[in-house]
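Residue-level listing of the chains:
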Amino acid sequence: LDTGQMDQRAEELAEQGKTPMFVAVDGKPGGIIAVADTVKEDSAAAVATLQGLGLEVVMITGDNPRTAEAIARQVGISRVLAEVLPQDKALEVKRLQGEGRLVGMVGDGINDAPALAQADVGIAIGTGTDVAIESSDITLISGELAGVVMAITLSRSIMRNIKENLVFAFSYNTIGIPIAAGLLYPFFGITLSPMIAAAAMALSSLSVTTNANRLRTYRRPAFAAAGASAGEGQAFIDVRSYEPEKEKEMAAVKDVVCGMDVNADTAAAQMAYQGKTYYFCSHDCHAKFMAEPQKYADKGTIRGSR
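Numbering of residues begins from 1 in every chain and follows the order in which that chain's sequence is written. Since the coordinates come from a predicted model, pLDDT governs what is reported: local features require at least 70, and pairs of side-chain atoms require 80 or more to be given and counted, while whole-chain, interface and lining totals use all residues. Hydrogen atoms and water are omitted, and side-chain values are computed over all heavy atoms in the structure.

A. Spatial organisation of the overall build of the protein. Each helix corresponds to a stretch of at least 4 residues labelled H or I by DSSP, and each strand to a stretch of at least 2 residues labelled E; elements are numbered beginning at the N terminus. A count of helical and extended segments in the protein gives 11 helices and 12 strands. Relative accessible area decides the class of each residue, using a 1.4 Å probe on protein chains only: under 20% of the type maximum gives buried, over 50% gives exposed, and in between gives partly exposed. Put simply, the protein has 306 residues, and 34% of those count as buried. On the protein, roughly 18,000 Å² of surface is accessible, and the fraction owed to carbon and sulfur atoms is 58%. Accessible surface area values rest on a Shrake-Rupley calculation with a 1.4 Å probe, where residue burial reflects the displayed protein chains alone.

So, in structure tokens, the structure goes:
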């Protein structure tokens, strides 16, 4: 149908972050319905905070490029991939990994499940679908992006605390064990009394426990100012449509439990059974297979075949 008279209005709606859909009545253009996902209040600030943590934020969406660009300007994202079909989201994650990046994928729908499984860290929104939650590594209870910021900053704090605890533990042992073995006795006549050794061991445990308890004082960092996230000072937004023919094909392997296509090189788990190797999109599917392997064995595929 000729929609020429409505095309300009459709473009205006797309620039507002809405997805226009043409409606025909009795074979003639009748109007436009515009649908939009409203941007959550804290999304722009959360994106700015993630960028402040040194992370590059990329938006992958099935929307058209105009709508994608409008949303990207609202939340301060400069790299957008638009018109991505559900099955191609995982391929795009793999392409980013091919650039040498560690990729964390945030999603909540069935369409996001393959990408969540492909990512180095899959983060599912707790208000989303069960399959997305099962395919992810982390599930956020709330539907706010603030949870992503908290998950990353808390994880960094925990890893830093673990390294500090290792320093405490090894320091006591590095100093105490040689003295206990008599290293200083030939020179100074110093030996380590068992009482002192026991006290040092207790002090080591106390130091580690006290340091670990500092995590109780963790507070989510204050959100960064999102002044530029509404499009102010944002000179360029890289929006491009997905071109699957330019991407490398993923290994042709299916998860025999859920039927999902799996990249054999980066599958969440794999298992050899009756001379075949089975690959799984998530540890949950792997556990189901292990519980009843024969049930799924007849549907199984080995790497490189369907």
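B. Examining the pattern of salt bridges more closely. When a carboxyl oxygen of Asp or Glu lies within 4 Å of a side-chain nitrogen of Lys or Arg, that pair is called a salt bridge. Overall, the coordinates contain 10 salt bridges when judged by the stated rule. Put simply, E11, E15 and R66 are held in one network by salt bridges that share partners.

C. Representation of helix α4 (residues 89–98). Among the 10 residues in α4, 8 count as buried, and that is most of the element. Of the residues flanking the end of α4, it is G100, one or two places downstream, whose phi is positive at about 85°.

D. Representation of the confidence of the model for the protein within the structure. pLDDT is a per-residue confidence score from the predictor, ranging from 0 to 100. With 87% of its residues at a pLDDT of 70 or more, the protein shows a mean pLDDT of 80. Counted against residues more than four places away or in other chains, residues 228–235, with its pLDDT under 50, gives 14 contacts. Throughout, a residue-residue contact means that at least one pair of heavy atoms, one from each residue, lies within 4.5 Å. Predicted confidence is poor over residues 247–251, with pLDDT under 50, and the contacts of this stretch with residues over four places away or in other chains come to 13 contacts.

E. Broad picture of the sheet that holds strand β7 (residues 138–140). Here 3 strands make up an open sheet; going across it, the order is β5-β6-β7 and the pairing parallel. Two strands lie at the open edges of the sheet, namely β5 (104–107) and β7, each paired on one side alone. Taking each pair of neighbouring strands and ignoring which way they run, the sheet shows an average axis angle of 20°. Between any two strands, at least two bridges found by DSSP are needed for them to pair. Where strand β6 (residues 121–125) meets β7, 3 bridges bridge the pair, whose relative direction is parallel. Paired with I125 across the strands is L140, a residue of β7. Between N-to-C directions, angles cover 0 to 180 degrees, with each direction set by a line fitted to C-alpha atoms, over the stretch in contact for helices.

F. Structural detail: the packing of helix α7 (residues 146–180) against helix α9 (residues 194–212). One can describe the packing of α7 onto α9 by two numbers: an axis separation of 9 Å at closest approach and a directional angle of 170°. Comparing their axes, α9 and α7 come out roughly antiparallel. Taken together, the residues of α9 that come into contact with α7 (itself represented by N161, E164, N165, F168, A169 and Y172) are A200, L203, S204, S207, V208, N211 and A212. Each residue is assigned to one class: nonpolar for Ala, Val, Leu, Ile, Met, Phe, Trp, Tyr, Cys and Pro, charged for Asp, Glu, Lys and Arg, and polar for all the others, Gly among them. Classifying every residue of the contact of α7 with α9 by side-chain character gives 7 nonpolar, 5 polar and 1 charged. By definition in this entry, angles of less than 35 degrees are roughly parallel, angles greater than 145 are roughly antiparallel, angles of 65 to 115 are roughly perpendicular, and the rest are oblique.

G. Local environment of unusual backbone geometry. Notably, D26 is not glycine yet its phi reads approximately 55°, a positive angle. Relative to the helices and strands, D26 resides in the loop between β1 (19–25) and β2 (28–35). Even without being glycine, E83 reaches a positive phi, approximately 55°. Along the chain, E83 turns up in the loop between β4 (79–82) and α4.

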